[in-house]
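Here's the letter readout for the chains.
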Amino acid sequence: MPDVTQGLGAYEVIVGWLSGFTPHWLAEVLYRVGAGLLILTLISTLALVLVYILRKVMGHMQCRLGPRVTGPFGLLQTAADAVKLMQKEDIIPTNVDRFLFILAPYVVFFSCGMIFMVLPLSPTWILNDLEVGVLFFVAFGSLASFGLLMGGFGSNNKYSLVGGMRSVAQVVSYEVPMVLAILGAVMLAGSLSMHQIVVAQEGMWLGFIPKWFIFLQPLGFVIYFLCGLAETGQTPFDLPEGESELVAGYNTEYSGMRFALFFLAEFGNLFAISAMATTLFLGGWHGPVFSFLPWLWPFVWFMAKAMALTFCMMWVRSTWLRFRIDQMMDFAWKILVPLSLLNIFITAGEVAIIR
Amino acid sequence: MGEPTTGKIIVFSVLTAMVIGGGLGVVFLRNVFHALVAMVVCFLGVAGVYFSLQADFLAVMQVLIYVGAVAVVIAFAVMLTRRGTMADSNRFVASGLQLAIGAAVAAGVGVALLRLICETAWQASGKFPATDVTRFLGEALLTRLPIPFEIAAVLLLVALVGAVMIALEEVHKS
Amino acid sequence: MKTKDVEKKKAALSKRFGEAVTVTLPKDGILEAVVAPPQVVEVLRALKEDYDFHQLHDLTAVDYIKDNQITVVYRLMNLEKPDMMVVKVPLDRSQPEVATATDVYPAANWLEREVYDYFGVKFTGHPNLTRIMLWDGFEGHPFRKDFQAFDQAPPDYDPFETAYVDFSEGRLQLTDVSSNGNRGNGSPRTFILNFGPQHPSTHGVFRAAVELDGETIVDLKPVIGYLHRGLEKIVENRTWAQVIPYTDRTDYLATMNNNHVYVLAVEKLAGIQVPPRAELIRVLMAELNRIHSHLMAIGCLGLDCGAITPFLYVWREREKIYDLFEMVCGGRLLTTYFRIGGVARDLPEEFLPCLKKLLTEMPGYIEQYNNILSGNEIFQMRLKKVAHLTKEMAMKYSITGPMLRSTGINYDVRKVDPYSLYSQFDFQVPLGKNGDAWDFYWLRVLEMWQSLRIVWQATEYLEEMGPGPVMGKVPKALKPPAGEAYVHIESPKGDLGCYVVSDGGPNPYRFRWRPPLFINLQSLPELVRGWKIADFIAIFAGYDAVMGEIDR
């Protein structure tokens with residue numbers, strides 16, 4: 001496994017510095033722990049920012065203003081909410097299965113964190129450029145479904161159970177078209193590594209159309225976007241947390257910091273799906289690089305594209321409504337799977353033509 | 001590869017603890033769902049071991065299939081066939097004489113395996129590339145090993161058709 | 001209902017039933033038959049089958065303590081002609097018992113339970129004669145005139161031993177997930193999920209114990225009475241004019257309509273003339289409130305299906321209507337604008353221009369809702385062909401309102417039995433075809449268009465009419481002559497009726513609210529059986545339930 005050195009050559013620097021006053025093995029451990037903490041910080045910050053953006057965006061789309069009072073333009077609202085959630089009483093209902101109840105938010109958060117490990121934020125900023133980065137993403141996305149099932153089952157609450165069951169059915173069903181849609185981009189790039197996929201989208205046709213995969217397989221992008229919405233439980237697929245039916249689905253019995261963990265994981269996943277779509281279809285960190293701070297611009301382009309897709313997801317959230325469970329399953333198995341298979345055939349044709 | 005660094009030793013210890021602890025948890029935990037979670041921990045530990053052996057593809061497949069699919073199916077099976085309360089649903093937890101006999105048998109098998117592992121002259125095949133494993137695997141499956149691939153596909157198709165038929169039966173019945 | 005027909009019917013009924021039944025024709029033109037208790041079911045059956053009184057419009061009781069009688073009043077309706085008939089059954093006050101009417105009219109189920117709850121009348125043969133509004137252990141029957149209230153409270157339930165829920169046969173305990181009453185084919189497949197009083201989508205405090213097989217609903221048991229305030233009894237201690245704010249609090253989303261039906265009933269009883277300007281203002285307000293109520297219904301339907309944005313868009317328009325109400329009477333939600341004999345005060349100067357501005361903008365807003373909600377394929381998929389309300393079922397359960405019209409039955413009180421000035425307005429009544437949840441939704445949108453037409457015409461008439469008095473001649477302390485009156489109007493929720501009985505005193509002797517939603521809601525179990533949880537929420541939103549009216 002390549003070491004976590006794809007970064008700014010940090011490994012030697014930091015470990016070297018640390019082994020000045022600690023044993024080498026401890027330095028290595030601290031380095032890796034630090035990397036983990038970095039991911040946690042990244043997710044938390046992103047989630048805070050995204051929650052604020054969501055509330056503002058949805059507010060404006062609904063003819064109202066969103067947070068305004070805490071801090072200028074309401075910028076401190078999410079921080080205030082985080083503080084509020086942290087100081088809430090930790091309520092564990094009496095008859096829950098304590099082991100499952102307590103463990104579930106951590107499993108879901110863990111899977112979200114693992115996903116962030118392989119996101120190519122910039123040519124040199126990728127925590128771990130695994131050869132099978134794309135599959136890693138899918139695999140740990142499916143770990144989340146187990147966490148939701150644990151939460152739903154362990155809550156000793158029928159609403160949570162129904163929510164947990166629905167979420168598992170949904171995640172498992174929509175994994176199939178998602179992987180098939182991703183496969184299209186992988187075929188075009190010829191590699192499963194996230195970094196390689198972005199590198200394969202370098203350049204321009206005719207001087208002004210970037211060689212992004214979205215132009216080569218728009219169908220794949222649409223399918224991936226919809227499946228991404230379903231995997232993370234966003235509208236129109238927010239049945240597991242169907243607010244008007246199952247109070248809060250698997251979330252019903254959670255309050256305080258545990259709820260905050262679920263919430264953070266949800267927003268982290270939201271961003272991760274957008275980031276993945278950016279990597280696969282929108283050219284990742286490609287974009288014009290200016291001479292001022294040249295190492296920052298790819299990151300800026302990546303974030304801009306991912307944020308644009310996140311905005312689309314929020315837009316969808318305010319506009320559309322949720323499916324019924326059987327309509328959702330129909331949609332996955334009878335519509336998306338055939339379409340994604342069709343997409344693979346089309347992509348195979350394109351690959352044959354290009355090569 | 002040479003001598004493993006201390007860091008690698010620590011990581012391997014943690015992973016092995018996960019695997020063995022998870023396995024013991026499956027056998028000894030009273031609550032079936034907890035046993036299932038212990039099994040998931042065991043799977044994740046095994047995936048970690050694969051990662052540390054630079055078998056990325058295998059590790060990812062381990063997580064995707066075992067944790068993402070098999071564990072969930074087992075959870076459903078547990079929920080659908082549970083008798084009585086959940087807290088002591090794992091009825092076959094050994095204790096007393098059973099435990100002693102089981103431990104003795106396990107120890108015997110363990111000793112035999114360890115001797116076998118330590119005394120065999122393992123040889124690396126040298127055919128496996130260090131990078132681009134996926135391409136190698138894909139080509140191998142489709143050119144040199146098509147029959148197992150096709151049989152696996154047929155097996156999955158049979159399972160899928162069987163599942164649909166069982167579900168249809170339920171729909172017709174109700 | 002022409003006098004000649006009524007006379008003919010009276011003669012026919014007297015001939016048919018002879019001694020046991022006395023048929024009279026009081027001055028309000030509604031035939032009244034006084035029947036002895038043993039013959040009630042027979043008479044009702046004959047009226048239903050031979051005389052086409054298909055719908056049980058209302059079932060209530062009045063406690064005539066001076067005559068030592070509790071009179072059960074059955075009000076029957078023939079929707080086609082239309083025709084109304086009252087059957088009164090005087091019962092001995094010390095032991096009031098009569099056979100149940102549920103075999104003839106299934107809609108009598110909850111109504112009889114209510115009468116049992118309030119008066120203690122035993123309906124023999126009723127499938128489930130338990131209290132509906134008050135809790136099971138309540139002592140006494142509060143609507144009796146000699147009821148003395150005392151401090152009593154429902155027993156404390158241990159949260160881990162939940163309350164019994166009675167399905168039609170046997171009692172089922174709501175405990176944990178593994179409780180499965182071995183229903184149906186004997187396999188333990190079902191569990192009971194409680195859409196409890198506190199739930200984001202139950203439109204108020206309403207409890208539905210739903211028996212689920214996976215996600216499919218096998219059976220449903222509604223439990224109401226969480227918002228019961230005993231309005232009908234409270235007003236017996238208020239003067240006639242003081243009752244008006246209480247009528248606001250029933251269906252709190254359509255307050256003008258509630259006021260309207262009550263003041264019309266009292267005016268009919270007391271013979272008070274209302275000046276034409278007041279009538280016109282009343283119609284305008286009632287229709288404006290219809291728009292307001294339908295906006296809320298549409299928004300909530302969208303919200304229950306998951307569309308959060310249209311809910312906020314309709315609030316925008318509702319705020320504008322609230323501003324108009326505030327201009328007129330100072331209240332937004334609970335207006336109490338109408339008075340017996342007219343309205344409280346005339347419209348201020350800025351009202352009509354403001355109203356006209358709203359009317360010109362409304363079509364644009366309704367188009368906006370259509371774009372975001374009605375035209376959304378997912379919304380249509382969620383609602384079309386979901387729930388099948390047939391004409392037979394609608395008649396069986398005495399459903400009225402947009403739900404009745406969604407089956408194709410053309411019954412709108414404003415057209416069929418016009419009250420106030422509705423006969424002078426030009427509007428249509430939209431009809432549905434399928435009786436599915438989509439029709440419940442779409443008819444409300446279409447009715448909003450028609451209400452806009454009426455409001456436009458009302459503003460034009462108001463301008464033509466010029467200023468005038470808005471209050472008729474009403475004595476300071478109103479004491480209507482002894483008697484009774486029944487008036488029904490088309491409220492946004494259905495056929496709303498008000499039955500007032502006076503004994504010549506300053507307080508109402510009996511005030512009965514015929515709540516369309518309470519009677520409609522009896523059809524909920526049959527309508528959602530076999531559909532999924534999500535459909536239950538969508539269908540229940542189609543009822544547009546407001547607990548204030550159901551529980552009173």
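Predicted model only: the values in this text are computed from it and were never measured. (Residues numbered from 1 in each chain as written. Chains lettered and ligands numbered in written order. Predicted model: local features only at pLDDT ≥ 70, side-chain atom pairs only at ≥ 80, totals over all residues. Heavy atoms only, no water.)

What follows deals with the overall build of chain A. Looking only at helices and strands, one finds 12 helices and 2 strands in chain A. Scanning chain A from its N terminus toward the C terminus, one meets helices and strands in the order α-α-α-α-α-α-α-β-β-α-α-α-α-α. The globule rule puts the C-alpha radius of gyration for 355 residues at 20 Å, and the 21 Å found for chain A is close to it. Dimensions of chain A, computed from the C-alpha atoms along their principal axes, are close to 60 × 60 × 40 Å. Out of the 355 residues belonging to chain A, those deemed buried represent 57%. Counting contacts in chain A only where the partners sit at least 6 residues apart, residues at least 24 apart contribute 76% of the total. (Helix = DSSP H or I, 4+ residues; strand = E, 2+ residues; numbered from the N terminus. Rg over C-alpha atoms; globule rule 2.2 N^0.38 Å. Buried < 20%, exposed > 50% of the residue type's maximum accessible area, 1.4 Å probe, protein only. Contact = heavy atoms within 4.5 Å.)

For chain B, the count of helices and strands is 6 helices and 0 strands. Secondary structure elements in chain B, listed N-terminal to C-terminal, are α-α-α-α-α-α. Within the span of chain B, comprising 174 residues, buried residues form 24% of the whole. Summarising the internal contacts of chain B: among those between residues at least 6 apart in sequence, 56% fall at separations of at least 24.

Time to look at the interface of chain A and chain C. Contact residues are listed per partner, giving 28 residues for chain A and 37 residues for chain C. The tally of links from chain A across to chain C stands at 1 salt bridge. A salt bridge links Asp535(C) to Arg324(A); the nearest nitrogen and oxygen atoms lie 2.8 Å apart. At the surface where chain A touches chain C, the tally comes to 6 residue pairs in polar contact (both at pLDDT 80 or more). Put simply, the parts of the chain that give the side of chain A that touches chain C at least two residues each are helix 2 (24-61), helix 6 (158-189), helix 11 (297-319) and helix 12 (325-354) of chain A. Counting residues per element, the side of chain A that touches chain C draws most heavily on helix 6 of chain A, which supplies 5 residues. A per-class count over the side of chain A that touches chain C returns 12 nonpolar, 7 polar and 9 charged. (Salt bridge = Lys/Arg side-chain N within 4 Å of Asp/Glu carboxyl O. Polar contact = N/O pair within 3.5 Å; in protein donor to acceptor, adjacent residues only side chain to side chain. Nonpolar A, V, L, I, M, F, W, Y, C, P; charged D, E, K, R; others polar.)

All names here are of chain C. The strand order across the open sheet formed by 3 strands is 10-11-12, and the pairing between neighbours is antiparallel. The two strands at the open ends of the sheet, each matched to only one other strand, are strand 10 (191-195) and strand 12 (216-223). The sheet shows a mean angle of 25° between the axes of neighbouring strands, taken without regard to direction. Where strand 10 meets strand 11 (residues 207-213), 5 bridges bridge the pair, whose relative direction is antiparallel. The residue bridging Leu193 from the neighbouring strand is Val210, located in strand 11. Against the sheet, helix 17 (residues 533-543) contacts strand 10, strand 11 and strand 12, and its axis sits at roughly 35° relative to strand 10. (Pairing = 2+ DSSP bridges. Axes fitted to C-alpha atoms, helices over the stretch in contact; angles between N-to-C directions.)

Here we take up the confidence of the model for chain A. Low-pLDDT portions of the prediction should not be read for the details of their coordinates. When pLDDT is averaged across chain A, the result is 82; 93% of the residues are at 70 or more. Highest mean pLDDT in chain A belongs to helix 9 (residues 218-231) of chain A (91); lowest belongs to helix 1 (residues 10-18) of chain A (67). (pLDDT = per-residue confidence, 0-100.)

Residues and elements named next belong to chain C. In terms of burial, strand 16 (residues 494-502) is largely enclosed, as 9 of its 9 residues are buried. As paired elements, strand 15 (residues 483-491) and strand 16 share 9 bridges and run antiparallel to each other. Each bridged residue has a counterpart across the sheet, and for Glu490 the counterpart in strand 16 is Asp495. As consecutive antiparallel partners, strand 15 and strand 16 are separated by 2 residues. Sheet topology places strand 16 next to strand 17 (residues 510-514); 5 bridges connect them, and they run antiparallel. When the bridges of strand 17 are listed, Tyr499 appears paired with Arg512.

This part is about the sheet that holds strand 16 of chain C. Residue and element names in this part refer to chain C. Strand order in the open sheet formed by 3 strands is 15-16-17, and the pairing between neighbours is antiparallel. The strands lining the two open edges of the sheet, one partner per strand, are strand 15 and strand 17. Going across the sheet, the axis of each strand differs from the next one's by a mean of 10°, ignoring polarity. Sitting on the sheet, helix 6 (residues 255-270) touches strand 15, strand 16 and strand 17, and the angle it makes with strand 15 is about 150°.

Below, the discussion takes up the confidence of the model for chain B. Residues and elements named next belong to chain B. Taken as a whole, chain B shows an average pLDDT of 83; of its residues, 86% reach a score of 70 or greater. Element-level mean pLDDT values for chain B span from 83 in helix 5 (residues 133-144) up to 90 in helix 2 (residues 32-52). Across the predicted assembly, pTM comes out at 0.85 and ipTM at 0.82.

Residues and elements named next belong to chain C. In terms of burial, strand 2 (residues 31-35) is largely enclosed, as 4 of its 5 residues are buried. Sheet analysis places strand 1 (residues 21-24) next to strand 2, joined by 4 bridges and oriented antiparallel. When the sheet's bridge partners are listed, Val21 is paired in strand 2 with Val35. Following strand 1, the chain reverses through 6 residues before pairing antiparallel with strand 2; Gly29 in that reversal takes a positive phi of roughly 85°.

Taking 1.5 Å per residue, 38 residues should reach 56 Å; helix 2 of chain A reaches 54 Å between its end C-alpha atoms and fits that length. One or two residues past the end of helix 2 of chain A sits Cys63(A), with phi positive at roughly 60°. (Expected span 1.5 Å × (residues − 1).)

Residues Tyr224(A), Tyr74(C), Tyr262(C), Met285(C), Tyr337(C) and Phe536(C) are the most contacted members of the largest nonpolar core, which totals 303 residues. Shared between two domains, this core takes at least three residues from each, and those domains are domain 1 (3-151) and domain 2 (231-386 + 413-422 + 455-551) of chain C. (Core = buried A, V, L, I, M, F, W, Y, C linked by side-chain atoms within 4.5 Å. Domains from an automatic or database assignment.)

Moving on to the packing of helix 9 of chain A against helix 12 of chain A. Residue and element names in this part refer to chain A. Packing of helix 9 against helix 12 brings their axes to within 9 Å, and their N-to-C directions diverge by 150°. The element helix 9 and its partner helix 12 pack so that their crossing is left-handed. Residues Leu219, Gly220, Ile223, Leu226 and Cys227 of helix 9 pack against Phe331, Leu336, Leu339, Ser340 and Asn343 of helix 12. Grouping the constituent residues of the contact of helix 9 with helix 12 by class yields 7 nonpolar, 3 polar and no charged. (Left-handed = near helix turned anticlockwise from the far one by under 90°.)

Another aspect to go through is the packing of aromatic side chains. All names here are of chain C. All chains considered together, the criterion is met by 43 aromatic pairs over all chains. By the ring-pair criterion, three or more aromatic residues cluster together here, those being Phe195, Phe206, Phe536, Phe540 and Tyr543. Directly above the aromatic system of Tyr486 lies the positively charged group of Arg75, at a separation of 3.8 Å from the ring centroid. Geometry around Tyr313 places Arg316 over its ring, the cationic atom sitting 5.1 Å from the centre. (Phe/Tyr/Trp six-rings, centres within 6.5 Å; stacked < 30°, edge-to-face > 60°. Lys NZ or Arg CZ within 6 Å of the ring centre and 35° of its normal.)

The next thing to look at is helix 3 (residues 108-119) of chain C. For helix 3 of chain C, with 12 residues, the first-to-last C-alpha span of 16 Å sits near the 16 Å given by 1.5 Å per residue. Ala108(C), Trp110(C), Leu111(C), Glu112(C), Arg113(C), Glu114(C), Val115(C), Tyr116(C), Asp117(C), Tyr118(C) and Phe119(C) are the residues of helix 3 of chain C that are buried.

Residue and element names in this part refer to chain C. Position of Thr102 relative to the elements: it lies in the loop between strand 6 (97-99) and helix 3. When the C-alpha atoms of Thr102 and His126 are compared, they prove to be 6.9 Å apart, with 24 residues separating the residues in sequence. Dropping the residues within four chain positions of it, Thr102 is found in contact with Ala108, Asn109, Glu112, His126 and Pro127.

Next up on the list: the pattern of salt bridges. Scanning all chains against the criterion turns up 40 salt bridges over all chains. A salt bridge links Arg55(A) to Asp81(A); the nearest nitrogen and oxygen atoms lie 2.6 Å apart. One end of the pair, Arg55(A), is in helix 2; the other, Asp81(A), is in helix 3 (residues 77-86), with 26 residues separating them in the sequence. Where Lys88(C) meets Glu32(C), a salt bridge forms, and the shortest distance between an N and an O atom there is 3.7 Å. Of the two residues, Lys88(C) is situated in strand 5 (residues 83-92) and Glu32(C) in strand 2; the sequence distance between them amounts to 56 residues. You'll find Lys88(C) and Glu32(C) in the same group, each marked buried.

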